[in-house]
Amino acid sequence: QVQLVESGGGSVQAGGSLRLSCAVRNGDAGNVLMSWFRQVPGSAREGLATIWGAKKYTDYADSARGRFTISYDSAKNTADLQMNYLTPADSATYYCAFNTRGEAWFKATVYEYWGQGTQVTVSS
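Calculation criteria
Residues numbered from 1 in each chain as written. Predicted model: local features only at pLDDT ≥ 70, side-chain atom pairs only at ≥ 80, totals over all residues. Heavy atoms only, no water. Core = buried A, V, L, I, M, F, W, Y, C linked by side-chain atoms within 4.5 Å. Buried < 20%, exposed > 50% of the residue type's maximum accessible area, 1.4 Å probe, protein only. Helix = DSSP H or I, 4+ residues; strand = E, 2+ residues; numbered from the N terminus. Contact = heavy atoms within 4.5 Å. Polar contact = N/O pair within 3.5 Å; in protein donor to acceptor, adjacent residues only side chain to side chain. Pairing = 2+ DSSP bridges. Axes fitted to C-alpha atoms, helices over the stretch in contact; angles between N-to-C directions. Salt bridge = Lys/Arg side-chain N within 4 Å of Asp/Glu carboxyl O.

A. Up close: the nonpolar core. Grouped together as the largest cluster of nonpolar side chains are 28 residues, with contacts concentrated most on Leu4, Met34, Trp36, Phe68, Leu81, Met83 and Tyr94. Counting residues per element, the ones that place at least two in this core are strand E3 (18-25), strand E4 (33-39), strand E5 (46-52), strand E7 (68-73), strand E8 (78-83), strand E9 (92-99) and strand E11 (118-123). Here Tyr94 is in contact with Glu6, Leu20, Trp36, Phe37, Arg38, Leu48, Phe68, Met83, Gly117, Thr118 and Val120, once residues within four sequence places are set aside. Of all hydrophobic cores here, the second largest spans eight residues; its members include Phe37, Ala61, Ala97 and Trp105.

Okay, structure coming up:
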């Protein structure tokens, strides 16, 4: 049974940065599709970035490209999301997701496992 544990959320001022980490238990984070999503109450879960580490494949949503960077850390078996130039619009609960198939990553319904989420609050 795969488990995902997110960390790194918190409060930050606009223009600041945060680094989120998703630790994978009972799975290889480098040989699956690992993605980060976020969700605001009342809205759909939004895909931000994805990585298949062993294939050196990454992709980003337009809202994340240029500001956010996803990476795979083989030593820690994690998928990390570096978020820079944060704005209040980035405030949300951020979730890590895991899928053994290389399916359309931006569709939340394809993922087999999810983390519990970590809160990010950006103030002006």
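B. Focus on the side chain of Arg38. Along the polypeptide, Arg38 turns up in strand E4. Of the polar contacts made by the side chain of Arg38, one reaches the side chain of Asp90; its length is 2.8 Å. At 3.0 Å, the side chain of Arg38 and the side chain of Tyr94 are in polar contact. The residues touching Arg38, leaving out its near neighbours within four places in the chain, are Ala44, Arg45, Glu46, Leu48, Ser63, Phe68, Ala89, Asp90, Ala92, Thr93 and Tyr94.

C. Spotlight on the pairing of E4. Of all seven residues in E4, six are buried, a share of seventy percent or more. As defined by bridge partners, E4 adjoins E9 across seven bridges and the pair is classed as antiparallel. Bridge pairing in E9 links Trp36 to Cys96. Pairing of E4 with E5, which is carried by five bridges, proceeds in the antiparallel orientation. By the bridge assignment for E5, Met34 is matched with Ile51. The turn linking E4 back onto E5 is made up of six residues, and Gly42 within it adopts a positive phi angle of 90°.

D. Geometry of the sheet that holds strand E1 (residues 3-7). If you trace the four strands from one edge of the open sheet to the other, you get E1-E3-E8-E7, paired in antiparallel fashion. The open sheet terminates on both sides in strands that have one partner only, identified here as E1 and E7. Averaged over neighbouring strand pairs, the angle between their axes works out to 15° when direction is ignored. Bridge analysis of E3 against E8 gives six bridges, and the strand direction is antiparallel. Within E8, the residue paired with Arg19 across the bridge is Gln82.

E. Representation of unusual backbone geometry. Despite not being glycine, Asn77 has its phi angle at roughly 55°, a positive value. Classification of Asn77 as buried rests on a relative accessible area of 17%.

F. Representation of the side chain of Thr118 within the structure. With respect to the helices and strands, Thr118 occurs in strand E11. A distance of 3.2 Å separates the side chain of Thr118 from the backbone nitrogen of Gly9, its partner in a polar contact. Contact partners of Thr118, with chain neighbours within four places excluded, come to Glu6, Ser7, Gly8, Gly9, Leu20, Ala92, Thr93 and Tyr94.

G. Looking closely at the pattern of salt bridges. In the structure shown here, the tally under the stated rule is seven salt bridges. Between Asp62 and Arg65 there is a salt bridge, with its nearest N and O atoms 2.9 Å apart.

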